[in-house]
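One-letter residues, chain by chain:
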Amino acid sequence: MTAHAQPRRLDNILRLIMWCGLLALWLVPLIAKQFTDEIQWTVSDHVFWAIMLIVPGAIVDLTSRLTGDWAYRFGIIIALGTAFVITWANLAVGIVGNEDNPLNLIFFGVILVALIGAPLVGFKAARMRWVMIATAVAQVLSGLVALQAEAFVLVFCGIATALWLTSAALFGKAAKDQTAA
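Here is a short report on the structure shown in this document.

What counts and how
- Residues numbered from 1 in each chain as written.
- Predicted model: local features only at pLDDT ≥ 70, side-chain atom pairs only at ≥ 80, totals over all residues.
- Heavy atoms only, no water.
- Helix = DSSP H or I, 4+ residues; strand = E, 2+ residues; numbered from the N terminus.
- Buried < 20%, exposed > 50% of the residue type's maximum accessible area, 1.4 Å probe, protein only.
- Contact = heavy atoms within 4.5 Å.
- Axes fitted to C-alpha atoms, helices over the stretch in contact; angles between N-to-C directions.
- Parallel < 35°, antiparallel > 145°, perpendicular 65-115°, else oblique.
- Left-handed = near helix turned anticlockwise from the far one by under 90°.
- Nonpolar A, V, L, I, M, F, W, Y, C, P; charged D, E, K, R; others polar.
- Patch = residues over 30% accessible without salt bridge, like charges linked within 9 Å, V, L, I, M, F, W, Y side chains within 5 Å.
- Areas by Shrake-Rupley, 256 points an atom, 1.4 Å probe, with all protein chains shown as cover.
- Salt bridge = Lys/Arg side-chain N within 4 Å of Asp/Glu carboxyl O.
- Polar contact = N/O pair within 3.5 Å; in protein donor to acceptor, adjacent residues only side chain to side chain.

This part is about the overall build of the protein chain. Secondary structure assignment for the protein chain yields 6 helices and 0 strands. Ordered by position in the sequence, the α and β elements of the protein chain form the string α-α-α-α-α-α. For the protein chain, the C-alpha atoms occupy an extent of roughly 55 × 40 × 25 Å along the three principal directions. In the protein chain, which comprises 181 residues, the share counted as buried stands at 38%. Put simply, of all contacts in the protein chain between residues at least 6 apart along the chain, 64% involve residues at least 24 apart.

Set out below in structure tokens:
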């Protein structure tokens, strides 16, 4: 087997594991509904849950096909994972108070910084670093706006900020690796 074929095979195995894992996550509420009345999901809830899983999965899949740079890949995975958790928590129970609290919209604004910034910079590693830093700053500002809330919100924002900055560092490493090559 050639040196090029081995990483491609590993990529295919990792993609298969990812898609099977996402399918398993999608099935969890469907199966749980069979055992408890606590889960009251509608068909639209299941469809939205599928979309929440498929979109980041497709982006990770596409990224793994377009680049072999593991720092860039992990930067994408951490950014998508952070956005996923913020969205999930916000829609499920709300980060501030409950999901109906209008203050929760600021957390979608944080994700919007990344969603708008990434295509604007052409998904280039060096520039993606700055988009993630801007997203981290937006996350800090969202925590400051939500200061009136319970301490959990500040902890949540602190962890999310650390994750955005980790993603930025990985994009910085990817950019450095590209210039060294």
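This paragraph deals with the packing of helix α3 (residues 70-92) against helix α4 (residues 105-120). For the pair α3 and α4, the least separation of the axes is 10 Å and the interaxial angle reads 160°. The angle between α3 and α4 places the two elements in the roughly antiparallel class. Here α3 and α4 pass one another in a crossing that is left-handed. Contacts from Ala83, Ile86, Thr87, Asn90 and Leu91 of α3 reach α4 at Phe107, Phe108 and Ile111. Class assignment for the residues of the contact of α3 with α4 results in 6 nonpolar, 2 polar and no charged.

Before going further, it helps to examine a nonpolar patch on the surface. Taken together, the side chains of Val43, Val47, Phe48, Ile51, Val55, Ile59, Leu91, Leu105 and Phe108 present a nonpolar region at the surface, about 800 Å² in accessible area. Of all elements in the fold, only α2 (43-66) and α4 reach the threshold of two or more residues within the nonpolar patch. Tallying contributions element by element places α2 first for the nonpolar patch, with 6 residues. Positionally, valine 55 belongs in helix α2. Relative accessible area serves as the criterion here: at 44%, valine 55 is assigned to the partly exposed category.

For the coordinates displayed, the defined rule picks out 4 salt bridges. Aspartate 61 serves as the salt-bridge partner of arginine 15, at 3.7 Å between the closest nitrogen and oxygen. Here arginine 15, found in helix α1 (residues 5-32), pairs with aspartate 61, found in helix α2; they are 46 residues apart in sequence, far enough to count as distant. A relative accessible area of 6% places arginine 15 in the buried class. Overlapping salt bridges bring together Arg15, Asp61 and Arg65 as one network.

Bringing the side chain of aspartate 69 into the picture now. Mapped onto the fold, aspartate 69 is located in the loop between α2 and α3. For aspartate 69, the side chain forms a polar contact with the main-chain nitrogen of alanine 71, separated by 2.9 Å. Here the side chain of aspartate 69 touches tyrosine 72 through a polar contact of 3.2 Å, landing on its backbone nitrogen.

As far as function goes, none of this settles anything; it's purely spatial.
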